[in-house]
Amino acid sequence: IEVRKEKTHGMQWQVPFGFVEQEFDYSSGIVSTSGVEWWKHGILEAKVKYDPSHHLVDAIYLLGEETSPQINLVEIGVKNRMGMLTKTADGIHAECESISGLKTGEFYIFRLEWNAHSLVWKINDREIFTLAHNVPAFKMHLNMASIVVSEPTDLPHRFEIDWVRFYQHHHKA
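Please read these numbers as outputs of a predicted model, since none were measured by experiment.

A. Representation of the side chain of E2 within the structure. Its place among the elements puts E2 in strand 1 (residues 2-14). Of note is the side chain of E2, whose polar atom sits 2.6 Å from the side chain of R4. At 3.0 Å, the side chain of E2 forms a polar contact with the side chain of R158. Apart from the residues lying within four places of it in its own chain, the contact partners of E2 are S27, S28, G29, P156, H157 and R158.

Put into structure tokens, the structure is as follows:
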């Protein structure tokens, strides 16, 4: 997914109107399975180049019908972390583990093991973080995106994802 400084038109959600066309100074992209595939429990893996920019958020995450909770397989940029974000009355509650110690420019395999009782995050098969409470028990879809959060100086920027895999047990009827 590449972020470039170029004028472009796109749709932005504006209450109470819904999606409204707007001009933007940057182009980027999102890959989403929302219209195609939703999952409940399984293993999500992605081979990703760790290349943070302080002006962007590169993320691979799962969302349900609502925007909360959001399960981040990996978030790189302003914050470098793995974990779950939940909206609360006070804002956003983050239950995350920092991955800032990773080597810039290297590829890593990020893995999320999601079952009825826990969420387990791993990097290169090493357990990094586990949550065993408030585990989502509904179907979610996958999103991969680069988001501009402040004036970037290092464009074009590439969020390099070599591959993504989702494994799930299939129960015979």
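B. The environment of F159, seen in detail. Mapped onto the secondary structure, F159 falls in the loop between strand 13 (157-158) and strand 14 (161-167). If sequence neighbours within four positions are ignored, F159 has contacts with I1, V48, D58, A59, I60, I76, A145 and S146.

C. Spotlight on the pattern of salt bridges. In this structure the tally under the stated criterion is 12 salt bridges. Here D162 and K47 are joined by a salt bridge, their closest N and O atoms 3.7 Å apart. Of this pair, D162 sits in strand 14 while K47 sits in strand 4 (residues 42-50); the two residues are 115 residues apart in sequence, bridging distant segments of the chain. The partly exposed category is assigned to D162, whose relative accessible area is 45%. A single network of salt bridges, built from pairs that share partners, joins E2, R4, E6 and R158.

D. Structural view of the packing of aromatic side chains. Inspection of the entire model under this criterion finds five aromatic pairs. Taking the centre distance of 5.1 Å and the plane angle of 80 degrees together, the rings of W13 and F19 count as edge-to-face. Accessibility classification places W13 together with F19 in one group, the exposed group. Taken together, a centroid distance of 6.5 Å and an interplanar angle of 90 degrees make the contact between Y50 and Y108 edge-to-face.

E. Fine view of a nonpolar patch on the surface. Together, M11, W13, V15 and F19 make up an exposed nonpolar region whose accessible area comes to about 520 Å². The residue V15 is located in the loop between strand 1 and strand 2 (18-27) in this model.

F. Main features of the sheet that holds strand 1. The three strands lie next to each other as 2-1-13, forming an open sheet whose pairing is antiparallel. Every interior strand has two partners, whereas the edge strands, strand 2 and strand 13, have only one.

G. Seen up close, the environment of R4. Within the element layout of this structure, R4 appears in strand 1. On a C-alpha basis, the gap between R4 and S27 in space is 5.3 Å, while along the polypeptide they are 23 residues apart. Residue contacts for R4: discarding those within four places in its chain leaves D25, Y26, S27, L155 and P156.

H. Summary view of the sheet that holds strand 5 (residues 56-63). In spatial order, the strands read 3-12-5-6-7-8; together these six strands make up an open sheet with antiparallel pairing. Among the strands making up the open sheet, the edge pair consists of strand 3 (30-32) and strand 8 (91-98). Each strand of the sheet is rotated relative to its neighbour by a mean of 20 degrees, with strand direction disregarded.

I. Spotlight on the nonpolar core. Membership of the largest hydrophobic core comes to 29 residues, with the highest contact counts inside it found for I60, F110, L112 and L119. At the level of secondary structure, the elements contributing two or more residues to this core comprise strand 4, strand 5, strand 6 (70-77), strand 7 (81-88), strand 9 (106-114), strand 10 (119-123), strand 11 (126-131) and strand 12 (141-148). When sequence neighbours within four positions are dropped, the list of residues in contact with L112 reads G42, I43, L44, L62, I71, L73, L119, V120 and W121. Counting five residues, the second largest nonpolar core, distinct from the first, contains A59, Y61, L63 and A145.

J. Spotlight on the side chain of N72. Note that N72 resides in strand 6. Under the relative-accessibility criterion, N72 is labelled buried at 1%. Among the polar contacts made by the side chain of N72, one reaches the side chain of Q70 at a distance of 2.7 Å. Among the polar contacts listed, one links the side chain of N72 to the side chain of E75, at a separation of 2.8 Å. For N72, the residues in contact, after removing those within four places along its chain, are I60, Y61, M82, G83, L85 and W121.

Reading the values: rules and limits
Residues numbered from 1 in each chain as written. Predicted model: local features only at pLDDT ≥ 70, side-chain atom pairs only at ≥ 80, totals over all residues. Heavy atoms only, no water. Helix = DSSP H or I, 4+ residues; strand = E, 2+ residues; numbered from the N terminus. Polar contact = N/O pair within 3.5 Å; in protein donor to acceptor, adjacent residues only side chain to side chain. Contact = heavy atoms within 4.5 Å. Salt bridge = Lys/Arg side-chain N within 4 Å of Asp/Glu carboxyl O. Buried < 20%, exposed > 50% of the residue type's maximum accessible area, 1.4 Å probe, protein only. Phe/Tyr/Trp six-rings, centres within 6.5 Å; stacked < 30°, edge-to-face > 60°. Patch = residues over 30% accessible without salt bridge, like charges linked within 9 Å, V, L, I, M, F, W, Y side chains within 5 Å. Areas by Shrake-Rupley, 256 points an atom, 1.4 Å probe, with all protein chains shown as cover. Pairing = 2+ DSSP bridges. Axes fitted to C-alpha atoms, helices over the stretch in contact; angles between N-to-C directions. Core = buried A, V, L, I, M, F, W, Y, C linked by side-chain atoms within 4.5 Å.

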